[in-house]
Amino acid sequence: MDGIIFDVDGTLWDSTGVVAVAYNRVIEENTEFKLNVDSARLKTLFGKPMDEIFKELLPMLSHEEQVRLGSLCFEQEHLELEKVPGTCYPGLEETFRILAERYPLFIVSNCQCGYIELFLRKTGLGKYIKAHLCFGETRTSKGQTILRVMRENGLKEPVYVGDVQGDANACKEAQIPFVYAEYGFGSVKEEDIDYRISELKDLCELF
């Protein structure tokens, strides 16, 4: 193994409560719909590409309107997270510190541009991450984004740590092992799991 690539939401922190506030504000101020987005709903959507999230949240709107409102939601999301960051899962910094002494660490997420940077800035964890890449930059599948990180950083045998089936599918596409963070947002087919952790610090013993 020559590196560890991490998902963000449901794996490193939970920002769904704060993001729900942002989305509801944008929808209330820019539409006539009575739509209440909550943390539980977002946990079923996070991990999907950005356009899919708003296609599911706002199916009554045209694609153009989904994109427009999505952009407004992301702007408001960043404003809210600057004031009230997401909640990191226990042992995050200690785990990064220990693992970074052994392997280079990376982040790949299906999020919008600027989200990973915000996460790293608000948590102070940027010093542990060698590189990161997101859907907002690549506009490709997570598997292809993982492969790009591998190519750009000379990785041959990394693992990916995530929490939803989409993460496991991305690992299949990239042909790398999947580590299932079972404390996260989703469930994963047993046959798609190579390793599992019940908390972040398990990674220190696993690798």
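Placed above this text is the structure.
Each value, and the rule that gives it
Residues numbered from 1 in each chain as written. Predicted model: local features only at pLDDT ≥ 70, side-chain atom pairs only at ≥ 80, totals over all residues. Heavy atoms only, no water. Phe/Tyr/Trp six-rings, centres within 6.5 Å; stacked < 30°, edge-to-face > 60°. Helix = DSSP H or I, 4+ residues; strand = E, 2+ residues; numbered from the N terminus. Buried < 20%, exposed > 50% of the residue type's maximum accessible area, 1.4 Å probe, protein only. 1 Å grid on protein atoms, 1.4 Å probe; cavity = no way out; pocket = protein on both sides within 12 Å on 5 of 7 lines; lining within 4 Å. Points joined across faces, edges and corners; volume = space filled by probe spheres on them. Nonpolar A, V, L, I, M, F, W, Y, C, P; charged D, E, K, R; others polar. Pairing = 2+ DSSP bridges. Axes fitted to C-alpha atoms, helices over the stretch in contact; angles between N-to-C directions. Contact = heavy atoms within 4.5 Å. Expected span 1.5 Å × (residues − 1). Polar contact = N/O pair within 3.5 Å; in protein donor to acceptor, adjacent residues only side chain to side chain.

### Structural notes on the packing of aromatic side chains
Link 1 in the chain: A full pass over the atoms with the stated rule returns 9 aromatic pairs.
Link 2 in the chain: For the ring pair Phe-54 and Phe-74, a centre distance of 5.3 Å and an interplane angle of 85 degrees mean the geometry is edge-to-face. Of this pair, Phe-54 sits in helix α3 (residues 50-57) while Phe-74 sits in helix α4 (residues 63-83), placing them 20 residues apart in sequence.
Link 3 in the chain: A relative accessible area of 4% means that Phe-54 is categorised as buried.
Link 4 in the chain: Of the residues examined, Phe-74 reaches a relative accessible area of 13% and is grouped as buried.
Link 5 in the chain: On the numbers, 5.4 Å between centres and 75 degrees between planes, the contact of Tyr-195 with Phe-207 is edge-to-face. With Tyr-195 in strand β8 (residues 195-197) and Phe-207 in the segment after α10 (202-206), this pair connects stretches of sequence that are 12 residues apart.
Link 6 in the chain: A relative accessible area of 33% places Tyr-195 in the partly exposed class.

### Notes on empty space enclosed by the protein
Link 1 in the chain: Evaluation of the coordinates by the stated rule reveals 1 cavity of 30 Å³ or more.
Link 2 in the chain: Here the largest cavity is characterised by a volume of approximately 150 Å³.
Link 3 in the chain: Along the wall of the largest cavity there are 17 residues; nearest its centre are Asp-9, Phe-46, Gly-47, Ile-53 and Cys-111.
Link 4 in the chain: Elements that contribute at least two residues to the lining of the largest cavity include exactly α3 and α4.
Link 5 in the chain: In the lining of the largest cavity, the residues fall into 7 nonpolar, 4 polar and 6 charged.

### Quick notes on the sheet that holds strand β1 (residues 4-6)
Link 1 in the chain: Strand order in the open sheet formed by 6 strands is β5-β4-β1-β6-β7-β8, and the pairing between neighbours is parallel. On the outer flanks of this sheet lie β5 (129-134) and β8, each paired with one strand and no other. For this sheet, the mean inter-axis angle between neighbouring strands, taken without regard to orientation, is 25 degrees.
Link 2 in the chain: As defined by bridge partners, β1 adjoins strand β4 (residues 105-109) across 3 bridges and the pair is classed as parallel. Pairing of Phe-6 across the sheet is with Ile-107, part of β4.
Link 3 in the chain: Across the face of the sheet, helix α6 (residues 115-123) comes into contact with β4 and β5 while running at roughly 145 degrees to β5.

### As for unusual backbone geometry
As a rule of thumb, non-glycine residues mostly have phi less than zero, and peptide bonds are mostly trans rather than cis.
Link 1 in the chain: Its identity is not glycine, yet Arg-139 carries a phi of approximately 55 degrees, on the positive side.
Link 2 in the chain: The residue Arg-139 is located in the loop between α7 (135-138) and α8 (142-153) in this model.
Link 3 in the chain: Non-glycine residue Gln-175 carries a positive phi angle of around 60 degrees.
Link 4 in the chain: Structurally, the position occupied by Gln-175 is in the loop between α9 (165-174) and β7 (178-181).

### Side note on α4
Link 1 in the chain: Between its first and last C-alpha atoms α4 spans 30 Å; for 21 residues at 1.5 Å apiece the expected length is 30 Å, and the two agree.
Link 2 in the chain: Turning to α4, its buried residues number three or more, namely Gln-66, Leu-69, Gly-70, Cys-73, Phe-74, Gln-76, Glu-77, His-78, Glu-80 and Leu-81.
Link 3 in the chain: Here the buried face of α4 lies against α1 (16-30), α3 and α6.

### Re the side chain of Asp-9
Link 1 in the chain: Looking at where Asp-9 falls in the secondary structure, it is placed in the loop between β1 and β2 (13-14).
Link 2 in the chain: In this structure the side chain of Asp-9 is engaged in a polar contact, spanning 3.4 Å, whose partner is the side chain of Trp-13.
Link 3 in the chain: Polar side-chain contacts of Asp-9 include one of 3.4 Å to the side chain of Ser-15.
Link 4 in the chain: Beyond its immediate stretch of four places on either side in the chain, Asp-9 contacts Ser-15, Phe-46, Tyr-115, Asp-163 and Phe-185.

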